Amino acid sequence: MPKIAVLPGDGIGKEIIPEALKVLKAVLAGSRYRFDFQEFLIGGTAIDEVETALPSDTLRACKDADAILLGSVGGPKWDTLPAIKRPELGALLPLRKELNLYANIRPVKVFPSLISASTLKEEIVKNVDLVVFRELTGGLYFGDKGRNDNPPAAYDVLIYSEEEIRRILELAFQASQGRRKKLCSVDKANVLESSRFWREIATDVAKQYPEVELTHLYVDNAAMQLVRYPEQFDVIVTENMFGDILTDLASMLSGSIGMLSSASMCGKKGLFEPAHGSAPDIAGQNKANPLATILSAAMMLRYTFDLHAEADRIERAVIKVLDQGYRTADLVKPGEKAVGTKEMGDAVVAAL
Ligand code: IPM
Ligand code: MG
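Everything quoted here is computed from the prediction, not taken from an experiment. (Residues numbered from 1 in each chain as written. Chains lettered and ligands numbered in written order. Predicted model: local features only at pLDDT ≥ 70, side-chain atom pairs only at ≥ 80, totals over all residues. Heavy atoms only, no water.)

**Quick notes on helix H4 (residues 87–98)**
Along an α-helix, residues three or four apart share an orientation, since each turn contains 3.6 residues. Compared with the 16 Å implied by 1.5 Å per residue over twelve residues, the 15 Å span of H4 between its first and last C-alpha is a close match. Restricting attention to buried positions, one finds in H4 the residues Pro 87, Gly 90, Ala 91, Leu 92, Leu 93, Leu 95 and Arg 96. Residue Asn 100 follows H4 closely and has a positive phi angle near 55°. (Helix = DSSP H or I, 4+ residues; strand = E, 2+ residues; numbered from the N terminus. Expected span 1.5 Å × (residues − 1). Buried < 20%, exposed > 50% of the residue type's maximum accessible area, 1.4 Å probe, protein only.)

Right under this line is the structure:
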C-alpha cells in the first residue's frame, strides 16, 4: 500500500490537514485505491515535544514514504531560538534538501467565482492560468552563510551548479510542452553572475524544445509584469529566492494566498503543502482556509500517483463550493458571512 507521511506541523497546519485528509479519504473511498496515512511531528510542535524541529523518525518516515502531506511550520513561540533550530531552517529546509525536492511547482489559476476577491481588477486577472517552477534546494537558501566579527558583517552565498539549473529547466520545458508552450525564465542577469550562468543554460536547454518559446525577464520586471498583465505568462521558471517572492505575489492574482497549492518534487516523489504559512494570528480559531491544502492533496494524487480522475474530482468540488458561495474569512467581502475551516472541508466533501 502506498505510504503517505502526514505532517500537520504548527499553527493552522493542525486545522487544515484534517480537512485535506477528510477530502482525500472521501475521494479514495469511491475508488479501489487505499493509502497508508501515518502522522509525524515536525516544526515547533516537535521542538516542544522532542526538542528538535525535524525528529529522526519523521525524516526516516518521509524518506520511506511515497508522498508527504505537510500543513505548515513556524510561529512566534519559536522565533527567539537560534535560527538554525527554528522550524523553517531546522525542519522545512533540511527536509527539502534531504529528500532532494528540487522542483517546487505552484500553479496560479483564477477561480471565476473568486475574481472579485482579488485585489486586482477583474479584467486583469480573469484569464490568469500560470504555473511557477521554483528551484528549491539551491541558491541563497542553501549557500554558505555566516557572520564576521571585525568589522561586523553577515553573508549568504548565492551559488548554483550547472546540474541544479539544468534539471529544473528541463522540468519547466516539459511542463510547457503540455501547456501553451511559453516559458519565461526569470533572473537578474544584468547584475548577478549566477543569473548569467542560468540564462546561458536556459538558452542551451531550449535547443531540445524547439516548439517552446523561451523568453527571459529580469526579476524586478517580472514582478511588475505579474500585476500589469499576468495573462502573458504560461510557465515561469526561476531560482529559489526569486521564486519565493514571485509566488507570494502571484498568489494574490487568484484572490488569496489561502488558495495557493504547492508540490515539491523529485521524480514521482513529492511533498505537498499549501504555500501559505502557519498563520499564528488565526490559529486554533477554525478560521483558516483549507482549500490550498485540499488542492495540494489533489496535486499529490495527480503527480505522485497518476490518479488524474480523482484529482479532477477534488478540483471540481473546490470550484463548486466556491460557486455555491462558501467563503472562509480570507475570501469574504465586507458584509459577507465567512464559514469556518471545518465547514469548508465538509462542503468540499459534500460537493464530491
Ligand atoms: C515557502 C515559504 C518558505 C520558503 C519559508 C517558510 C522558509 O515561504 O515555502 O514559500 O521561503 O521557502
Ligand atoms: Mg514563500
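**Observations concerning the pattern of salt bridges**
Oppositely charged side chains may form a pair once their charged atoms are brought near each other. All chains considered together, the criterion is met by 20 salt bridges. Arg 166 serves as the salt-bridge partner of Asp 204, at 2.9 Å between the closest nitrogen and oxygen. Note that Asp 204 is positioned in helix H7 (residues 193–206) and Arg 166 in helix H6 (residues 162–177), a separation of 38 residues in sequence. Judged by its relative accessible area of 27%, Asp 204 falls in the partly exposed class. Among the salt bridges present, the one from Arg 199 reaches Asp 187, with a minimum N-O distance of 2.8 Å. Taken as a pair, Arg 199 in helix H7 and Asp 187 in strand S8 (residues 182–187) lie far apart in primary sequence, twelve residues in all. Arg 199 sits in the partly exposed class, given a relative accessible area of 22%. (Salt bridge = Lys/Arg side-chain N within 4 Å of Asp/Glu carboxyl O.)

**Observations regarding the layout of surface pockets**
Rolled over the atoms, a probe as big as a water molecule pinpoints where empty space is left. The space that makes up the largest pocket amounts to roughly 810 Å³. Around the largest pocket, the lining is made up of 30 residues, and of these Pro 107, Met 299, Arg 302, Tyr 303 and Glu 315 lie nearest the centre. The residue inventory of the lining of the largest pocket, partitioned by class, reads 18 nonpolar, four polar and eight charged. Here the lining of the largest pocket gathers at least three residues from each of two domains, domain 1 (1–106 + 257–352) and domain 2 (119–254). Of the volumes computed, that of the second largest pocket is approximately 490 Å³. Taken together, 25 residues line the second largest pocket, and the ones lying closest to its centre are Glu 88, Leu 92, Arg 96, Tyr 141 and Asp 244. The set of elements that each furnish at least two residues to the lining of the second largest pocket consists of strand S3 (67–72), H4, helix H9 (240–251) and strand S12 (269–274). Of all the elements, H4 adds the most residues to the lining of the second largest pocket, at five residues. Here the lining of the second largest pocket is composed, by residue class, of eleven nonpolar, five polar and nine charged. A domain split of the lining of the second largest pocket shows at least three residues from each of domain 1 (1–106 + 257–352) and domain 2 (119–254). (1 Å grid on protein atoms, 1.4 Å probe; cavity = no way out; pocket = protein on both sides within 12 Å on 5 of 7 lines; lining within 4 Å. Points joined across faces, edges and corners; volume = space filled by probe spheres on them. Nonpolar A, V, L, I, M, F, W, Y, C, P; charged D, E, K, R; others polar. Domains from an automatic or database assignment.)

**Structural notes on empty space enclosed by the protein**
This structure, assessed with the given rule, holds one cavity of 30 Å³ or more. In this structure, the largest cavity spans a volume of roughly 50 Å³. Every element with two or more residues in the lining of the largest cavity is listed here: S8 and H7. If one sorts the elements of the lining of the largest cavity by residue count, H7 sits on top with three residues. The residue makeup of the lining of the largest cavity, split by class, is five nonpolar, two polar and two charged.

**Some remarks on the domain arrangement of the chain**
Examined at the domain level, the chain breaks down into domain 1 (1–106 + 257–352) and domain 2 (119–254). Residue-level contacts link 14 residues of domain 1 with 19 residues of domain 2. Both faces considered, domain 1 and domain 2 share a buried interface measuring about 1600 Å² in area, 61% of it formed by carbon and sulfur atoms. Where domain 1 touches domain 2, the interface holds zero salt bridges. Summed over the shared surface of domain 1 and domain 2, the result is six residue pairs in polar contact (both at pLDDT 80 or more). When contributions to the side of domain 1 that touches domain 2 are tallied by element, the ones reaching two or more residues are H4 and strand S4 (103–109). If one sorts the elements of the side of domain 1 that touches domain 2 by residue count, S4 sits on top with four residues. (Contact = heavy atoms within 4.5 Å. Buried area = accessible area lost by both parts, 1.4 Å probe. Polar contact = N/O pair within 3.5 Å; in protein donor to acceptor, adjacent residues only side chain to side chain.)

**Describing the packing of aromatic side chains**
Taken as a whole, this structure holds four aromatic pairs when the rule is applied. Judged by centre distance (4.5 Å) and plane angle (35°), the ring pair of Phe 35 and Phe 305 falls under tilted. Here Phe 305 lies in the loop between helix H10 (291–303) and helix H11 (308–323) and Phe 35 lies in the loop between helix H1 (13–29) and strand S2 (36–39), a separation of 270 residues in the sequence. Overall, the relative accessible area of 17% leaves Phe 305 in the buried class. Consider the rings of Tyr 160 and Trp 198, whose centres lie 5.8 Å apart with planes at 75°: the pair is edge-to-face. (Phe/Tyr/Trp six-rings, centres within 6.5 Å; stacked < 30°, edge-to-face > 60°.)

**Observations concerning the site of ligand 1**
The environment of ligand 1 is formed by Glu 88, Leu 92, Leu 93, Arg 96, Arg 106, Arg 134, Tyr 141 and Asp 244. Here an oxygen atom of ligand 1 and a side-chain polar atom of Arg 106 are 2.8 Å apart. Note that an oxygen atom of ligand 1 is positioned 2.9 Å from one of the side-chain N or O atoms of Asp 244. Bound to the protein, ligand 1 loses 76% of the 320 Å² it would expose on its own. More than half of the atoms of ligand 1 fall within 2 Å of the grid points belonging to the second largest pocket. (Near = heavy atom within 4 Å. Areas by Shrake-Rupley, 256 points an atom, 1.4 Å probe, with all protein chains shown as cover. Sits in = over half its atoms within 2 Å of the grid points.)

**Some words on a nonpolar patch on the surface**
Together, Tyr 155, Val 157 and Ile 159 give the surface a local cluster of nonpolar side chains, amounting to about 250 Å² of exposed area. Here Val 157 lies in the loop between strand S7 (153–156) and H6. (Patch = residues over 30% accessible without salt bridge, like charges linked within 9 Å, V, L, I, M, F, W, Y side chains within 5 Å.)

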